[in-house]
Amino acid sequence: VLVLKTTNFICAEKYVGAFATANILYSNHDNVILRACSDNIRANASDTTADIDIANYCMNGTFNDAGSGYLNERLYRFVDKKQHDSKCRVKLHVLNDHDIQSCKYTPLGNA
């Protein structure tokens, strides 16, 4: 048995200043911020990096609960695929650590 853990819950509501602003812009899929992200990544990426991969990174590679939720969805899809693969001899389980956490004791500014 192999137990895989979901990503941690991120308390984005505890962000302050520029982090709070960025969280709002990325969470709302602000076109200006997404274009700036894409342009920045494209300028530093290899020529073989696909535009769709850059867009995916800018939309889902965020340090907030949406970004962590995206990674958790990928984890669940992977486990589901492997559980239906007759060649997979390991039993996989997911520990949903994300949903048992909260921001109750997280101080402001320490997301």
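The rules behind the values
Residues numbered from 1 in each chain as written. Predicted model: local features only at pLDDT ≥ 70, side-chain atom pairs only at ≥ 80, totals over all residues. Heavy atoms only, no water. Axes fitted to C-alpha atoms, helices over the stretch in contact; angles between N-to-C directions. Helix = DSSP H or I, 4+ residues; strand = E, 2+ residues; numbered from the N terminus. Parallel < 35°, antiparallel > 145°, perpendicular 65-115°, else oblique. Left-handed = near helix turned anticlockwise from the far one by under 90°. Contact = heavy atoms within 4.5 Å. Nonpolar A, V, L, I, M, F, W, Y, C, P; charged D, E, K, R; others polar. Salt bridge = Lys/Arg side-chain N within 4 Å of Asp/Glu carboxyl O. Buried < 20%, exposed > 50% of the residue type's maximum accessible area, 1.4 Å probe, protein only. Expected span 1.5 Å × (residues − 1). Polar contact = N/O pair within 3.5 Å; in protein donor to acceptor, adjacent residues only side chain to side chain.

A. View of the packing of helix 2 (residues 31-44) against helix 3 (residues 51-60). Where helix 2 contacts helix 3, the axes come no closer than 9 Å and their chain directions differ by 125 degrees. As judged from the angle between their axes, helix 2 and helix 3 are oblique. In terms of crossing hand, the pair formed by helix 2 and helix 3 is right-handed. Where helix 2 abuts helix 3, its residues L34, C37, S38, I41 and R42 lie against D51, I54, Y57, C58 and M59. Class assignment of the residues belonging to the contact of helix 2 with helix 3 gives a composition of seven nonpolar, one polar and two charged.

B. Main features of the pattern of salt bridges. As enumerated under the stated definition, the model contains four salt bridges in all. Residue D51 pairs with R42 through a salt bridge whose shortest N-O separation is 2.7 Å. With relative accessibility at 30%, the residue R42 sits in the partly exposed group. Between D85 and K82 there is a salt bridge, with its nearest N and O atoms 4.0 Å apart. Here K82 falls in the partly exposed class, since its relative accessible area comes to 27%.

C. Layout of helix 4 (residues 65-83). The first and last C-alpha atoms of helix 4 sit 26 Å apart over 19 residues, in line with the 27 Å expected at 1.5 Å per residue. Of the positions making up helix 4, those classed as buried are G67, S68, Y70, N72, L75 and V79. Of the surrounding secondary structure, the elements contacted by the buried residues of helix 4 are strand 1 (2-5), helix 3 and strand 2 (92-95). Between the side-chain oxygen at the start of helix 4 and the backbone nitrogen of A66 there is a gap of 3.2 Å, and the oxygen is on N64.

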